[in-house]
Amino acid sequence: MNISIDGVTVPGEGWFKRVVGTVVTKIVTIAGKGAGTPFRDASYYVARYGGDFGDWQKLRGEIVLDYYSIARSAEIHWVQGKSVGPVKEKFRRWLN
């Protein structure tokens, strides 16, 4: 799965870009299509972005961010629809 997330906002610190040449790894579906847990907010995303109700899902993964010229791994969460792609990326925590 190739996810096109270019960066993420870290609360209180600002927006940091993904390190060039890296990809989002260790992707896990938390809720929605492909998970055992229903995605309760799917109707909101269908109304706002379109797509089919059953295709929306919430995921988590790891991304390498350029943190003031230091490569740092972070856990992020995001929502995506099959025909829409990733929306609402959210920083969760630093991993190193």
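The following paragraphs examine the structure supplied in this document.

## Re the sheet that holds strand 3 (residues 25–32)
Reading across from one edge, 3-4-5-6 is the order of the 4 strands in this open sheet, with antiparallel pairing throughout. Strands at the two margins of the open sheet, each flanked by one partner only, are strand 3 and strand 6 (85–94). Going from strand to strand, the sheet's axes swing by 35° on average, the running direction of each strand aside. The sheet contact formed by strand 4 (residues 57–67) and strand 5 (residues 70–81) spans 11 bridges and is antiparallel. The partner of Tyr67 across the bridge, within strand 5, is Ile70.

## Considering the packing of aromatic side chains
According to the stated counting rule, one finds 10 aromatic pairs in the structure shown. Between the aromatic rings of Tyr44 and Tyr45, the centroid separation amounts to 4.9 Å while the plane-to-plane angle is 85°, which identifies the pairing as edge-to-face. Residue Tyr45 is classed as buried on the basis of its relative accessible area of 4%. When the ring of Tyr45 is compared with that of Tyr49, the centres are 6.0 Å apart and the planes differ by 10°; the resulting orientation is stacked. Taken together, the residues Tyr45 and Tyr49, both in helix 1 (residues 42–49) and 4 residues apart, mark about one turn of the helix.

## Quick notes on the nonpolar core
Ranked by size, the top nonpolar core spans 14 residues in total, and within it Ile5, Val24, Ile63, Leu65, Ile76 and Trp78 carry the most contacts. Only strand 1 (7–10), strand 4 and strand 5 provide two or more residues apiece to this core. It is strand 4 that contributes the most residues to this core, 4 residues altogether. Setting aside its immediate chain neighbours within four residues, Leu65 contacts Gly7, Val8, Phe16, Lys17, Arg18, Val19, Ile70, Ala71, Arg72, Ala74 and Trp94. With 7 residues, the next largest nonpolar core counts Ala31, Ala42, Val79 and Val87 among its residues.

What counts as what
Residues numbered from 1 in each chain as written. Predicted model: local features only at pLDDT ≥ 70, side-chain atom pairs only at ≥ 80, totals over all residues. Heavy atoms only, no water. Pairing = 2+ DSSP bridges. Helix = DSSP H or I, 4+ residues; strand = E, 2+ residues; numbered from the N terminus. Axes fitted to C-alpha atoms, helices over the stretch in contact; angles between N-to-C directions. Phe/Tyr/Trp six-rings, centres within 6.5 Å; stacked < 30°, edge-to-face > 60°. Buried < 20%, exposed > 50% of the residue type's maximum accessible area, 1.4 Å probe, protein only. Core = buried A, V, L, I, M, F, W, Y, C linked by side-chain atoms within 4.5 Å. Contact = heavy atoms within 4.5 Å.

The values are spatial; any link to function lies outside them.
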